[in-house]
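Listed below, chain by chain, are the residues.
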Amino acid sequence: MAANSLRTDKIWIDGALVPYDEANVHVLSHSLHYGLAVFEGMRCYKADNERSAIFRGPEHIRRLFDSAHIVEMQILFSPEELLKACCDVVRVNRLEECYLRPIAFYGEGEMGLSARGNKVRVAIAGWPWGAYLGEDGAKKGVRLKTSSFVRFHHNSLMPLAKASGHYVNSILAGYEARRNGYDEALLLDVHGYVAEGSGENFFIVRDGVVKTPPLNSVLPGITRASVMKILRDASIEVVEQSFSRDAVYIADEAFMTGTAAEVTPVRELDDRMIGGGVPGPVTLKVQEVFRAALHGRDARYRGWLHYV
Ligand code: PPE
């Protein structure tokens, strides 16, 4: 059996903390068959005062409920209960720093696309998770390839929802990019404008102005929103605007954001070096302030920490 890096003492499921090996679901769980489930990814960090805090916990839980609403799923727990359960998972497993994965999904009972009677189940697990695109990527920048897979149209699947099935698109794009020797895929939208990475939002910088695609075809990233706030607080102009891949080629800097990826510099797209091919000053500044915020070292952003 492969080593299991996800193993912890307990997982929260449907209102109770149960041993890891008992947090199982039936193979006829409806969500397993059709991919209709909604989930979150959040990180918990040890702040400088030694206490662990979930970064923007309430915002992630809100997005979970937004996702559920979009796909007509009714979660029977309150946001407060789920946020508390996230804290419990960190505490009972003594995780201190970890990734947290709440997921709401349909259980078994009825099969078929018209089934509406399956119970909505909720689980929350936590595990230690290192640099998403590698330690090297986080320091020196990653190499991207424009994907042959297009980010789905908002009338096909709905990008404001973080739904499990959406990730088939992401996974296939990621496979393709990595198989061809790149670190990550950059997906374009149906109009050919840059959308996002397989699991990250995307930003470019040119002449001191930062641009990121509008929320038409991308996940409303919580890291994206945090970075936009950090930039504006530093009097750096940020605009939500569509741009094509060649705007990335001639950018001075580019970076990706996500809970898992945090702020990751991008040094190449489609074998074209971006700027000097090393993380630029705006990227480095954002990385530094974001890191300080995660650990409670920047008073302006302490409100983003939800202590467990
Ligand atoms: N776009 C996509 C498609 C996406 O999946 C994520 C998160 C983001 C943007 C950034 O959103 P936010 O985390 O709120 O800043 N992707 C998760 C993927 C991790 C995984 O592989 O699973 C994450 O970062 O948690």
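Definitions and cut-offs
Residues numbered from 1 in each chain as written. Predicted model: local features only at pLDDT ≥ 70, side-chain atom pairs only at ≥ 80, totals over all residues. Heavy atoms only, no water. Axes fitted to C-alpha atoms, helices over the stretch in contact; angles between N-to-C directions. Helix = DSSP H or I, 4+ residues; strand = E, 2+ residues; numbered from the N terminus. Parallel < 35°, antiparallel > 145°, perpendicular 65-115°, else oblique. Contact = heavy atoms within 4.5 Å. Nonpolar A, V, L, I, M, F, W, Y, C, P; charged D, E, K, R; others polar. Patch = residues over 30% accessible without salt bridge, like charges linked within 9 Å, V, L, I, M, F, W, Y side chains within 5 Å. Areas by Shrake-Rupley, 256 points an atom, 1.4 Å probe, with all protein chains shown as cover. Salt bridge = Lys/Arg side-chain N within 4 Å of Asp/Glu carboxyl O. Phe/Tyr/Trp six-rings, centres within 6.5 Å; stacked < 30°, edge-to-face > 60°. Buried < 20%, exposed > 50% of the residue type's maximum accessible area, 1.4 Å probe, protein only. Lys NZ or Arg CZ within 6 Å of the ring centre and 35° of its normal. Near = heavy atom within 4 Å. Polar contact = N/O pair within 3.5 Å; in protein donor to acceptor, adjacent residues only side chain to side chain. Left-handed = near helix turned anticlockwise from the far one by under 90°. Expected span 1.5 Å × (residues − 1). Pairing = 2+ DSSP bridges.

Participant: Quick question: what am I supposed to make of the packing of helix α6 (residues 222-233) against helix α8 (residues 281-294) here?
Facilitator: The description of two packed helices rests on the angle between their axes and on the distance between the axes. Following both chains from N to C, one finds α6 and α8 inclined at 110°, their axes separated by 10 Å at the closest point. Comparing their axes, α8 and α6 come out roughly perpendicular. Taken together, the residues of α8 that come into contact with α6 (itself represented by Thr 223, Ser 226, Val 227, Ile 230 and Leu 231) are Val 282, Val 286, Val 289 and Phe 290. Grouping the constituent residues of the contact of α6 with α8 by class yields 7 nonpolar, 2 polar and no charged.

Participant: Can you walk me through a nonpolar patch on the surface in this structure?
Facilitator: The grouping of Val 27, Leu 28, Leu 32, Tyr 34, Met 111 and Leu 113 at the surface amounts to a nonpolar patch, some 640 Å² of accessible area in total. Note that Leu 28 resides in the loop between β2 (16-19) and α1 (30-34).

Participant: How do you make sense of the packing of aromatic side chains when you look at a structure like this?
Facilitator: Remark: the centre distance and the inter-plane angle together describe each pair of aromatic rings, the angle taken between the planes. A full pass over the atoms with the stated rule returns 11 aromatic pairs. Aromatic side chains Tyr 301 and Trp 304 sit 4.6 Å apart centroid to centroid with 20° between the ring planes, which places their arrangement in the stacked category. For the residue pair Tyr 301 and Trp 304, the accessibility class agrees, reading buried in each case. The ring of Tyr 307 carries Arg 51 above its face, with NZ or CZ at 4.1 Å from the centroid. Over the aromatic face of Tyr 249 sits the side chain of Arg 272, whose NZ or CZ is 4.2 Å from the ring centroid.

Participant: Is there a simple way to think about the site of the ligand in this case?
Facilitator: Residues in close proximity to the ligand total 22 residues, the closest being Tyr 99, Tyr 132, Tyr 167, Thr 223 and Thr 259. Note that an oxygen atom of the ligand is positioned 2.7 Å from one of the backbone N or O atoms of Ile 222. Between the ligand and Thr 223 there is a distance of 2.6 Å, counted from an oxygen atom to a side-chain nitrogen or oxygen. Contact with the protein chains hides 94% of the accessible area of the ligand, taken as 550 Å² for the molecule alone. Every element with two or more residues in the shell around the ligand is listed here: β6 (98-106), α6 and β14 (253-258). When its residues are assigned to classes, the shell around the ligand shows 7 nonpolar, 9 polar and 6 charged.

Participant: Sorry, what's going on with the packing of helix α2 (residues 57-70) against helix α3 (residues 79-92) here?
Facilitator: For the pair α2 and α3, interaxial distance at closest approach is 10 Å and the crossing angle is 125°. Judged by the inter-axis angle, α2 sits oblique to α3. For the pair α2 and α3, the sense of crossing is right-handed. Along its contact with α2, which presents Gly 57, Pro 58, Ile 61, Leu 64 and Phe 65, the element α3 presents Pro 79, Leu 82, Leu 83 and Cys 86. Each residue belonging to the contact of α2 with α3 can be placed in one class, and the counts come to 8 nonpolar, 1 polar and no charged.

Participant: Hey, could you run me through the pattern of salt bridges in this one?
Facilitator: Applying the stated criterion across every chain yields a total of 23 salt bridges. Across the salt bridge formed by Arg 116 and Glu 72, the nearest N and O atoms sit 3.4 Å from each other. Taken as a pair, Arg 116 in the loop between β6 and β7 (120-127) and Glu 72 in the loop between α2 and α3 lie far apart in primary sequence, 44 residues in all. Judged by its relative accessible area of 55%, Glu 72 is exposed. Across the pair Asp 270 and Arg 245 runs a salt bridge, and its minimum N-O distance is 3.0 Å. Here Arg 245 lies in helix α7 (residues 245-249) and Asp 270 lies in the loop between β15 (262-269) and β16 (272-273), a separation of 25 residues in the sequence. Residue Arg 245 is classed as partly exposed on the basis of its relative accessible area of 32%.

Participant: Mind showing me how you'd approach α6 here?
Facilitator: Each α-helix winds once per 3.6 residues, and so residues spaced three or four apart point in a common direction. With 12 residues, α6 ought to run about 16 Å at 1.5 Å a step, and its terminal C-alpha atoms sit 17 Å apart, in line with that. In the segment just after α6, Ser 235 is the residue with positive phi, at about 60°.

Participant: How do you make sense of α3 when you look at a structure like this?
Facilitator: Along its 14 residues, α3 runs 20 Å from first to last C-alpha, staying within 8% of the 20 Å computed at 1.5 Å per residue. Regarding α3, the residues found buried are Leu 82, Leu 83, Ala 85, Cys 86, Cys 87, Asp 88, Val 89 and Val 90. In the stretch just after α3, Arg 94 is the one whose phi turns positive, near 50°.

Participant: Could you clarify how one ought to interpret the pairing of strand β5 (residues 52-55) in this entry?
Facilitator: Each regular strand displays side chains that alternate between the two surfaces of the sheet. Covered by surrounding structure in β5 are Ser 52 and Ile 54 together with Ala 53 and Phe 55, the residues of both alternating faces. In this structure, strand β4 (residues 42-46) lies alongside β5, joined through 3 bridges in antiparallel fashion. Within β5, the residue paired with Lys 46 across the bridge is Ser 52. Pairing geometry for β5 and strand β17 (residues 305-307), over 3 bridges, is antiparallel. Opposite Ala 53, over in β17, you have Tyr 307 as the bridge partner.

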